[in-house]
Amino acid sequence: MTTRREPTARQMRLAVELRRLREAAGLSARQAAALLGVSNVQISQIESGVTGVSEERLRRLASHYDCTDGEFIDALAVMATDRTRGWWEAYRGLLPASFLDLSELEHHARTQANVAVLFVPGLLQTEEYARAVFSNRIPELGADELELRVQHRLARRVAIERESPIGFEAVIHEAALRIRVSDRGASRAQLTRILELSEADHISVRVIPLDLDGFSRGGSSMSYLGGPVTGLDTVVRDAPHGAALVDSEAQLAEYRTRFRKVEAASLEPERSRDFIHTLVKEL
């Protein structure tokens, strides 16, 4: 296998899952190498995402690790053999790798659930709104990089606009809907865009009103991306130096619970649309 200089998040996830399976089986890397008939270095490279693994070797490893979850193994096999070069590859070397990793994750996701507190979720943003968000970044972006980030964000919308779009849920705090990242006209256009998208069968938008008593669970934003099986879900969190990916089962379970509690505390979709219509009239 060719050595990779910079494994993608998806490639690293496969590597991490193989290491987790080995550790759950109580085997050392040396023992796994002996069972597969390869060197310790090869196992180390596979588990660090530096090199790939064939489907045949992956299934042999899963067998040695006594993994009997057929759906999970099949999903890992797809990850190991997938050679997709998506639209995001046009931005490689031009934008930080985290931007491309997010696009790849969204491309392969089955569902996406968002909690948004300060900004409208990226997949729902208009061009003017996205441009304003990136324009206010500190340190300031140069004109070329600003344009690249805006165009990349708009291109990400393919996840909810393609022929077979992913199921998309968004719980948006009223603060994010009221904050004017640009001017009154841009805010009106953004709210109108959300209303239009919320009419689609695969998109659900809920609002958390400011006057909700005792609500503290929506204090931070997140995106929960559902994988082909639950064990391959991923949470994307904003971090000071880019997106942080969360994929341990314990943390995923926590975020699933957190999202459902936030969702339960929000307005129903129909009432949320009425609420947003009221905000548009105020503008």
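Provided above is the structure to which this section pertains.
Residues numbered from 1 in each chain as written. Predicted model: local features only at pLDDT ≥ 70, side-chain atom pairs only at ≥ 80, totals over all residues. Heavy atoms only, no water.

Overview of the overall build of the protein
When you go through the protein residue by residue, the secondary structure sums to 13 helices and six strands. Taken over C-alpha atoms, the radius of gyration comes to 21 Å for the protein, in line with the 19 Å a tight globule of 283 residues would show. By principal-axis analysis of the C-alpha atoms, the protein measures approximately 70 × 40 × 35 Å. Evaluated residue by residue, the protein yields a buried proportion of 47% over its 283 residues. For the protein, restricting intrachain contacts to residue pairs at least 6 apart in sequence, the fraction spanning at least 24 positions comes to 72%. Carbon together with sulfur atoms contributes 49% to the accessible area of the protein, which is approximately 14,400 Å² in total. Distance between charge centroids for the protein: 3 Å, based on 37 positive and 41 negative side chains. (Helix = DSSP H or I, 4+ residues; strand = E, 2+ residues; numbered from the N terminus. Rg over C-alpha atoms; globule rule 2.2 N^0.38 Å. Buried < 20%, exposed > 50% of the residue type's maximum accessible area, 1.4 Å probe, protein only. Contact = heavy atoms within 4.5 Å. Areas by Shrake-Rupley, 256 points an atom, 1.4 Å probe, with all protein chains shown as cover. Lys, Arg positive; Asp, Glu negative; His and termini not counted. Charge placed at Lys NZ, Arg CZ, Asp CG, Glu CD.)

A word on the pattern of salt bridges
Inspection of every chain in the model, using the stated rule, returns 29 salt bridges. Among the salt bridges present, the one from D247 reaches R13, with a minimum N-O distance of 3.8 Å. With a gap of 234 residues between them, D247 in the loop between β6 (242–246) and α12 (249–265) and R13 in helix α1 (residues 9–24) connect regions that are remote in the sequence. Judged by relative accessible area, R13 falls into the buried class, the value being 6%. With its nearest N and O atoms 2.9 Å apart, the salt bridge here joins R59 to E55. Of this pair, R59 and E55 are both found in helix α4 (residues 55–64), four residues apart, which corresponds to roughly one turn of the helix. Here R59 falls in the partly exposed class, since its relative accessible area comes to 34%. By relative accessible area, E55 is classed as partly exposed at 33%. Look at the salt bridges and you will find they share partners, linking E169, R206, R260, E263 and E268 into a network. (Salt bridge = Lys/Arg side-chain N within 4 Å of Asp/Glu carboxyl O.)

Quick look at the packing of aromatic side chains
Within the structure shown, the criterion is met by two aromatic pairs. Residues W87 and W88 carry aromatic rings whose centres are separated by 5.9 Å and whose planes lie at 80° to one another, so their mutual orientation is edge-to-face. Overall, the relative accessible area of 27% leaves W87 in the partly exposed class. On the basis of an interplanar angle of 90° and a centroid distance of 6.1 Å, the ring pair of W87 and Y91 is categorised as edge-to-face. (Phe/Tyr/Trp six-rings, centres within 6.5 Å; stacked < 30°, edge-to-face > 60°.)

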